[in-house]
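For reference, the chains in residue letters:
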Amino acid sequence: MIPASFDYVEAASAEAAIAALTEHGDEAKLMAGGHSLIPLMRFRLATPAVVVDISRLSGLSYVRDGGDHLAIGALTRHCDVETSDMVRSQAGLLAHVAGQVGDPQVRHRGTIGGSLAHGDPASDLPAALLALGGSVVARGPGGERVIPAAELFTGFLETALAPDELLTEVRVPKVPDARWSFQKFNRRAQDWAIVGVAACGNGAGTGVALINMGQTPMVAAAVQSALASGASAADAAARAAEGTEPPDDLNGDAEYRTHLAQVLVGRALAEMA
Amino acid sequence: MQVDMTVNGQDRSADVEARTLLVYYLRDAVGLTGTNVGCDTSSCGACTVLLNGESVKSCTILAAQVRGADVTTIEGLADGTALHPMQQAFMECHGLQCGYCTPGMVLAATSLLADNPRPTEAEVREGLEGNLCRCTGYHNIVKAVLHTAEHDAAFWQARASKSGVTA
Ligand SMILES: Cc1cc2nc3c(=O)[nH]c(=O)nc-3n(C[C@H](O)[C@H](O)[C@H](O)COP(=O)(O)OP(=O)(O)OC[C@H]3O[C@@H](n4cnc5c(N)ncnc54)[C@H](O)[C@@H]3O)c2cc1C
Ligand code: FES
Ligand code: FES
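Residues numbered from 1 in each chain as written. Chains lettered and ligands numbered in written order. Predicted model: local features only at pLDDT ≥ 70, side-chain atom pairs only at ≥ 80, totals over all residues. Heavy atoms only, no water.

Moving on, we come to the side chain of Asn36(B). When you line up the elements, Asn36(B) lands in the loop between helix H1 (22–29) and strand E3 (48–51). Here Tyr100(B) takes part through its backbone oxygen, which lies 2.8 Å from a polar atom of the side chain of Asn36(B). (Helix = DSSP H or I, 4+ residues; strand = E, 2+ residues; numbered from the N terminus. Polar contact = N/O pair within 3.5 Å; in protein donor to acceptor, adjacent residues only side chain to side chain.)

Take a look at the structure:
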């Protein structure tokens, strides 16, 4: 399967990428690691007329100390997040989750910014960012703005990023002593989560987020509020599927996913206790 | 568009469409057919090559994205007629049957040991999770990787320190 033809533009800088997006509008698509976009293009589920390649913007691949948070460049690959000493010590959940994405080959190409901008409810890193209470920096023709993770995911594969905005940085609160847990339930090595749970103590309490339980990566709001009002872990976990719309597919129906969400939140909270 | 890269130490250049995937650049434009296409959907790892020393699925990268890079395919591993330690280990441990997955397996395993020269069995199994084999049941593949990690330890240690990674 070969992608449909497109014009290829390699952006030499973040500004050049934004200019190309502004010039080509809806016709253009950014390509970072390409590990979500290329499969979609091969199935012709995506047929951009212009591909703006940002994969070699090495200036956007970094992990920096931002004071109360870590600043991670959008083009930082999963393998680099996984092995970064700073991410490991300050936001252990994120390093661990990056190491659970796909397989080593995928982690050698896929980027944190691409994973978040893609907004797939089945992917792992959005849930980690939600549980940590992080945010992203979006840069467009008019300048920069910060979007909290809780406001980033707006619909199936849709985010709050405007078509002419580039996600440049991911910000994660430093939580060196936080307890965290990641539960990824799948039946074969390398598979995506049938359901997954990311949970982490953060400044605001305990963040709990769900993978593959609806149209978007989502916070387990009922679990978080139950925990905040002093409920037991078991009572909080029982509310894991409240407000979700789990999909029915070959890997499991909605009822099965509802059950899994409760069990996995229960396991996560037990592991953190 | 003109796409230049180094393949197995040799400079290559070809005029290809922008949509050309790296695996087809290697097979059709360069004529190196050792890199196999299995699933063609990013899952099986048969198309694995080394990009600047790291394993990647060449069916999920545009050739244009790696202009100027250093690519190693299975044809580039052996030194003349002397097999590379990983190839030798696959042969000695019967790490292949039909051989279809083998080029990708060997390169994925090479990247794995460059990161972690003395992996445990569990680390080898996890490290090869991106590569599917329909024949061997993986058992002898894992054995081959552990075998060369032990028997050619100096070789792998030297590679690991070169890439700045320590065990
Ligand atoms: C075999 C396989 C298995 C996988 N398994 C998993 C898994 O288990 N868990 C998981 O979470 N993921 C998995 N993935 C997906 C992988 O994590 C992707 O790398 C990731 O989802 C997308 O990152 P990318 O850099 O490749 O983005 P791309 O594919 O390049 O881009 C994805 C989308 O984001 C946009 N985009 C990219 N970068 C930016 C940016 N900086 N600013 C604005 N928009 C941007 C693009 O325009 C595109 O729409 C798997 C992929 C494969 C091929
Ligand atoms: S052919 Fe590339 S992963 Fe299967
Ligand atoms: S040896 Fe036949 S697919 Fe692996």
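Having seen it, we continue.
Attention shifts here to the packing of helix H2 (residues 85–92) of chain B against helix H5 (residues 139–151) of chain B. All names here are of chain B. As a packed pair, H2 and H5 sit with axes 8 Å apart at the nearest point and diverge in direction by 130°. On the basis of the axis angle, H2 is oblique to H5. For the element pair H2 and H5, the recorded crossing hand is right-handed. Side by side, H2 and H5 meet where Pro-85, Met-86, Ala-89, Phe-90 and Glu-92 of the first sit next to Ile-141, Ala-144, Val-145, His-147 and Thr-148 of the second. Tallied by class, residues from the contact of H2 with H5 come to 7 nonpolar, 2 polar and 1 charged. (Axes fitted to C-alpha atoms, helices over the stretch in contact; angles between N-to-C directions. Parallel < 35°, antiparallel > 145°, perpendicular 65-115°, else oblique. Left-handed = near helix turned anticlockwise from the far one by under 90°. Contact = heavy atoms within 4.5 Å. Nonpolar A, V, L, I, M, F, W, Y, C, P; charged D, E, K, R; others polar.)

Take the interface of chain A and chain B next. Taken together, the 32 residues of chain A in the interface contact 32 residues of chain B. Both faces considered, chain A and chain B share a buried interface measuring about 2,500 Å² in area, 52% of it formed by carbon and sulfur atoms. For the pair chain A and chain B, the number of links is 4 salt bridges. Two residues, Asp40(B) and Arg42(A), come together in a salt bridge whose shortest N-O distance is 2.2 Å. Connecting chain A to chain B are 18 residue pairs in polar contact (both at pLDDT 80 or more). Listing elements by their share of the side of chain A that touches chain B, those giving two or more residues are strand E1 (7–10), helix H2 (37–42) and helix H6 (104–107) of chain A. In terms of residue count, H6(A) provides more of the side of chain A that touches chain B than any other element does, 4 residues in total. Of the residues that constitute the side of chain A that touches chain B, the class distribution is 14 nonpolar, 9 polar and 9 charged. (Buried area = accessible area lost by both parts, 1.4 Å probe. Salt bridge = Lys/Arg side-chain N within 4 Å of Asp/Glu carboxyl O.)

Near ligand 1 you find 29 residues, and of these Leu30(A), Ala32(A), His35(A), Leu37(A) and Thr111(A) are the closest. Ligand 1 sits at a junction of chains, with neighbouring residues supplied by chains A and B. Backbone polar atom of Leu37(A) to an oxygen atom of ligand 1: 2.7 Å apart, as the coordinates give it. The separation between an oxygen atom of ligand 1 and a polar main-chain atom of Ser115(A) is 3.4 Å. The element contributing the most residues to the shell around ligand 1 is helix H7 (residues 112–118) of chain A, with 4 residues. Class assignment for the residues of the shell around ligand 1 results in 12 nonpolar, 13 polar and 4 charged. (Near = heavy atom within 4 Å.)

Moving on, we come to the domain arrangement of chain A. The parts lose accessible area when they come together, and the size of an interface is often stated as this lost area. Residues and elements named next belong to chain A. The domains assigned to chain A are domain 1 (7–53), domain 2 (58–173) and domain 3 (183–272). Contacts between the two partners involve 23 residues from domain 2, matched on the other side by 20 residues from domain 3. Taken over both partners, the interface formed by domain 2 and domain 3 buries close to 1,600 Å², and the fraction arising from carbon and sulfur atoms is 66%. Salt-bridge contacts for Lys-184 lead to Asp-124; the nearest nitrogen and oxygen are separated by 2.8 Å. Applying the counting rule to domain 2 against domain 3 returns 5 residue pairs in polar contact (both at pLDDT 80 or more). Listing elements by their share of the side of domain 2 that touches domain 3, those giving two or more residues are helix H8 (124–132) and strand E8 (153–155). The greatest single-element share of the side of domain 2 that touches domain 3, amounting to 7 residues, is contributed by H8. Its residues placed into classes, the side of domain 2 that touches domain 3 shows 13 nonpolar, 7 polar and 3 charged. (Domains from an automatic or database assignment.)

Let's shift gears to H8(A). Residue and element names in this part refer to chain A. The buried fraction of H8 amounts to 9 of the 9 residues, a majority that puts the element mostly inside the structure. Residues of H8 that are buried: Asp-124, Leu-125, Pro-126, Ala-127, Ala-128, Leu-129, Leu-130, Ala-131 and Leu-132. Two residues or fewer past H8, Gly-133 is found with a positive phi of approximately 70°. (Buried < 20%, exposed > 50% of the residue type's maximum accessible area, 1.4 Å probe, protein only.)

Residue and element names in this part refer to chain A. If you walk across this open sheet you meet the 3 strands as E1-E3-E2, and the pairing is parallel. Among the strands making up the open sheet, the edge pair consists of E1 and strand E2 (28–31). Pairs of neighbouring strands in the sheet enclose a mean axial angle of 25°, with direction left out of account. For E1 and strand E3 (residues 50–53), the ladder comprises 4 bridges, and the chain directions are parallel. Residue pairing in the sheet places Glu-10 in a bridge with Asp-53 of E3. Relative to the sheet, helix H1 (residues 14–24) contacts E2 and E3, its axis offset from that of E2 by approximately 155°. (Pairing = 2+ DSSP bridges.)

All names here are of chain A. Relative to the helices and strands, Ser-123 is located in the loop between H7 and H8. You can call Ser-123 buried: its relative accessible area is 8%. Sequence separation of Ser-123 and Pro-148 is 25 residues, and the distance between their C-alpha atoms is 18 Å. Here Ser-123 is in contact with Ser-115, Trp-192 and Ile-211, once residues within four sequence places are set aside.

What follows is about the domain arrangement of chain B. Residues and elements named next belong to chain B. The domain architecture assigned to chain B consists of domain 1 (2–77) and domain 2 (85–163). Taking the mean C-alpha position of each, domain 1 and domain 2 sit 21 Å from one another. Approximately 1,200 Å² of surface area, both sides summed, lies buried where domain 1 meets domain 2, with 60% of it carried by carbon and sulfur atoms. In this assembly, domain 1 and domain 2 are joined by 0 salt bridges. Counting every contact that joins domain 1 to domain 2 gives 6 residue pairs in polar contact (both at pLDDT 80 or more). Here the residues of the side of domain 1 that touches domain 2 sort into 7 nonpolar, 10 polar and 2 charged.

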